[in-house]
Amino acid sequence: QAIVWDEYLTGPFGLIAQYSLLKEHEVEKMFTLKPGRLPQADVKNVIFFVRPRLELMDIITDNVLREDRGRAPQRDFHILFVPRRSLLCEQWLKEQGVLGSFIHREQYSLDLIPFDGDLLSMEAESAFKECYLESDQTSLYHAAKGLMTLQALYGTIPQIFGKGECARHVANMMIRMKREFPGSQNSIFPVFDTLLLLDRNVDLLTPLATQLTYEGLIDEIYGIQNTYVKLPPEKFAPKKQGDGGKDLPTEPKKLQLNSAEELYAEIRDKNFNAVGSVLSKKAKIISAAFEERHHAKTVGEIKQFVSQLPHMQAARSSLANHTSIAELIKDITTSEDFFDNLTVEQEFMSGIDTDKVNNYIEDCIAQKHPLIKILRLVCLQSVCNSGLKQKVLDHYKKEILQTYGYEHILTLNNLEKAGLLKSQTSGRNNYPTIRKTLRLWMDDVNEQNPNDISYVYSGYAPLSVRLAQLLARPGWRSIEEVLKMLPGPHFEERQQLPTGLQKKRQHGENRVTLVFFLGGVTYAEIAALRFLSQMEDGGTEYVIATTKLINGTTWVKSLMEKLEPAPF
Amino acid sequence: MSRARADEEEYWHSSKFRAFTFDDEDDELSQLKESKRAVNSLRDIVDDDDDDLEKVSWSGEPVGSISWSIKETASSSTSSLESRDSSLPKVSSSYTALPKQASSYSLSSLFKGRSKLPSFQSLSDALSDTGVKSYAPELRRPKAEYKDYSSDWSPKDTVRRMQRGKVCSLERFRSLQDKLVLLDEAVAGNDGNVITAVLIFLKRTLRKEILFRELEVRQVALCHLIHFLKETGEQKLLLDLLSLCLSSLSLQLSQYREHLNIQDVEKRREFLKGCIGLPFSAEDACHIQDHYTLLERQIIIEANDRHLEKTGQSEIFRKYPRKASILNMPLVTTLFYSCFYHYTEAEGTFSSPANLKKTFKIPDKQYVLTALAARAKLRAWNDLDALFTTKNWLGYTKKKAPIGFHRVVEILQRNNAPVQVLQEYVRLVEDVETRLNLATKYKCHDVVIDTYRDLKDRIQLAAYRCKVERGSAEEEKIDSILNNMVRSTAS
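What counts and what doesn't
- Residues numbered from 1 in each chain as written.
- Chains lettered and ligands numbered in written order.
- Predicted model: local features only at pLDDT ≥ 70, side-chain atom pairs only at ≥ 80, totals over all residues.
- Heavy atoms only, no water.
- Pairing = 2+ DSSP bridges.
- Helix = DSSP H or I, 4+ residues; strand = E, 2+ residues; numbered from the N terminus.
- Axes fitted to C-alpha atoms, helices over the stretch in contact; angles between N-to-C directions.
- Contact = heavy atoms within 4.5 Å.
- Salt bridge = Lys/Arg side-chain N within 4 Å of Asp/Glu carboxyl O.
- Buried < 20%, exposed > 50% of the residue type's maximum accessible area, 1.4 Å probe, protein only.
- pLDDT = per-residue confidence, 0-100.
- Core = buried A, V, L, I, M, F, W, Y, C linked by side-chain atoms within 4.5 Å.

Engineer: Help me out: how do you make sense of the sheet that holds strand β3 (residues 45-50) of chain A in this one?
Structural biologist: What holds strands together in a sheet is hydrogen bonding between their backbones, with the strands either parallel or antiparallel. All names here are of chain A. Taking strand neighbours across the sheet as the criterion, the 5 strands line up as β2-β1-β3-β4-β5 in an open arrangement whose pairing is parallel. Since the sheet does not close on itself, it has two edges, and those belong to β2 (29-32) and β5 (102-107), each with one partner. When strand polarity is set aside, the average angle formed by the axes of neighbouring strands in this sheet is 20°. Here 4 bridges tie strand β1 (residues 2-5) to β3, and the two strands are oriented parallel to one another. Note that in β3 the partner of I3 across the bridge is I47. In this fold helix α1 (residues 7-16) packs onto β1, β2 and β3, with an angle of close to 110° to the strand it touches most, β1.

Engineer: I keep staring at the pattern of salt bridges and nothing clicks. Help me out?
Structural biologist: Residues and elements named next belong to chain B. A full pass over the atoms with the stated rule returns 40 salt bridges over all chains. Measuring nitrogen to oxygen at the nearest pair gives 3.4 Å for the salt bridge that ties E302 to R306. Of this pair, E302 and R306 both sit in helix α16 (residues 282-311), 4 residues apart, roughly one helical turn. Looking at R306, the relative accessible area reads 42%, which means it is partly exposed. When the shortest N-O distance is used, the salt bridge between R465 and D479 registers 2.6 Å. With R465 in helix α26 (residues 458-465) and D479 in helix α27 (residues 473-490), this residue pair connects regions lying 14 residues apart in the sequence. You can call R465 partly exposed: its relative accessible area is 32%. Taken together, the shared-partner salt bridges in this structure form one network comprising R427, D446, D450, R453, D454 and K477.

Engineer: When you look at the confidence of the model for chain A in this model, what are you seeing that I'm missing?
Structural biologist: It should be kept in mind that the predicted coordinates are not to be read in detail where pLDDT is low. Confidence in the prediction for chain A averages 86 pLDDT; 93% of positions are at 70 or higher. Scored below 50 in pLDDT, residues 240-245 of chain A makes 1 contact in the model with residues more than four places away or belonging to other chains.

Engineer: Explain the nonpolar core to me, please; I cannot follow it from the model alone.
Structural biologist: Note on soluble globular proteins: their nonpolar side chains tend to be buried together. Ranked by size, the top nonpolar core spans 233 residues in total, and within it A:L197, A:L467, A:F516, B:Y256, B:F388 and B:L412 carry the most contacts. With 9 residues, the single largest contributor to this core is helix α15 (residues 371-383) of chain A. Other than its neighbours up to four places away in sequence, A:L197 contacts A:L147, A:I160, A:F161, A:G162, A:K163, A:A167, A:V170, A:A171, A:F491, A:F516 and A:L518.

Here is the structure:
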């Protein structure tokens, strides 16, 4: 059999099954989905793995219609929807007259995909947009379903906290699902003590700021997709002479990034300014280790040295890769524009000059910098000022529309609908109160040896993570006032456990909290939560789940109106 | 912390291979066994379900309805699991076993010390567990359902079944009342797939006036329908719906959005004209009006210039052929184009920069920047002088740049302006430090020397002497200034 892949799915699937595994299940060939005739392959079954999207249905239709009827043996078609079958898509296929060509139509419900030891994602790209622009809460329904599955595996979570409209919805759905299946009560000892549902809408600020952790910066600059990153190849050219010095590699270098790589696990969550010293320290250790061979005298010693070689070589190539990546990033972070941009961001976040038109933003518009960059900055300013003055907002809007095209009024409107951009209606700016109470801005930040989560943005402590931190200690009651200023309700629910499953906590044992970010989470926020997990006296460990891993650019992009007509 | 570290390390060492590669034979064997078990358990579930289906799926609705298609797919899905040849279900269910397993390893090993929990529980166990349980209430119910299957399902049950991807006939919901209850139930369930399915059913069975009327008070459903129509490209119905609901909702922009789907410029212009009348907010209305006016202008300019270019009458088009048409470009791009090809035209003509500036109230800053960029690109340095010269009411002229002369210099430099031109504008930079920096950077020696002279900074001047060429006019100039300074201080 052959599999035809929706290209978007290959990433997530790559995380859970490799080609070798598929091969064992008699998958002979794999293709990516594209219009035209399907490639020749001597297989009986052709399986389409696709997301339920209409534009993909059109391609499939094309594929099926062009199939050579005369060839023998005939190939059988099957379709597998991820994460679930869509009646709409099947209806569409029927209208095109090809529905009957599919022998099987199935769904593969892939709710939460493991990305790392402490990270799960639904990879639902447009969850935030659907919830806030289209009033479509299907992704929340899937999130609730995913949480039910998780509870079936890891036990009922006794406490549920939440903040925000979507959080409330998910909690309601979970309670309802539980009620509808009274039999689902299981007898598994619970792994998680607490579930914290956080609506992205509660903290619109954090994703807009530029992440300054190592992993965050890689994502901001190159975009991490399903733990893989594609990098410009120049810095990864083979150093050895005669290894083809003239023809430099032109294909982007593709690397997988996860905690399985020892070095990456150590540096991923550090502030980028602290990465250099770790790398040089590692370099010294490794070269010292290689030096040891000169001291190895006896056969035993040599044998021991040789046995360590593979590990050392792996460490060395890992070090080489990350040194190259760090160099690439450094080129950008030391550029003038990066610095200017960051300065403006930090001014906004610390509450300076948020109520007038910003010169730097104006300049960027005049120079036609990428629209997304402009939108990120303007939205950041708006959020840090609880909305812009009408005059300021109008000015920005006019400049943007005149420079980038009037049709972007649709995008601006979307941003307004999502609350990222607004005019200050109430006349009151709540942000300073929120900032002070939650200590969102820390002047004395230590990037090398952090003592607070604010290191992930070199001064700004992500609001979402602050909420998680304060929930663990001293509890949300202490910040009632601020919680009321943030959008949406906050709530607490309890799920009764049979007495046998209730925990008796050992002294010094950590609580485990699952934080579910509805609408996306950034790498910097993840880093901040990992930092809290590792704190000596933290008392809480965090596992993170989300609808999608995002950064400011991908997030704003998902809210932009698609202006180009689809290419097919 | 150290404990957590150790755990973590242990976790990475232990889970590295299991989670991402499958080269441990034992492990793989057990996984395969598990997936096989998963398949079996799946089959149990579906088979049970199947009984259920066969008895209830008949409802006599016409072939071609949605419920028919749902039924059709459902029966084929069962047959797929029964057919021995097909390995599809095997693959898919073994997938199901994998991802959760990976997470099960990692999550559980992350929280060592609580290993009492069934950490190696595979999904297949969990699946069959929950599977049986969640289906159990339904398996108990059929007895009652056999009796009166065709009408007994409440809207709630129907929606719940649909959420689980099962066969449901919607045809039995005949009255408007029933249909609306069904819709509300679907909306309450939050599953977009089901909401859309119900909407398709309503769209087919209700007159559109009634459907639209009911949707007006059901915003969530309305949004789903709009989205559905957008996706399926049913323009006509979509526009009908939008125009009907305009008054109650802020959907004007959705209507405006449709212009993007119109390729023909003339038609697009007409459509935009129609949008002007829509009840937008004051600011939006202004932008829409501008959009229309701009496109109108572009159409005129394009027709004219294409003709000019073709006939080769105009030198500028011969020298710099156009790379693309100006249609549908942003305003600032249009202004640039106009500054490039139509700079000298009088304000009366549509294509002149002055006219654009006036019509669209383009701010000075924006205008100067764009004009500067366009003229610099053409290396028409003489035009710049006029751009920055302002007359005050006494008739004196003065050089002024709303963007600051340092920006002017940057732009000129990017366009490789000759040193003489650069020098002229570097000199106009007001801030001394910036002026010195720029002058030094772009080797405008005269400006540097004059500035130091005005500052009476002998030391810097002497230092700068090494930077100019030996025996050049600049060196001479420095020497003479230095000498003069000595004399004036000596006397």
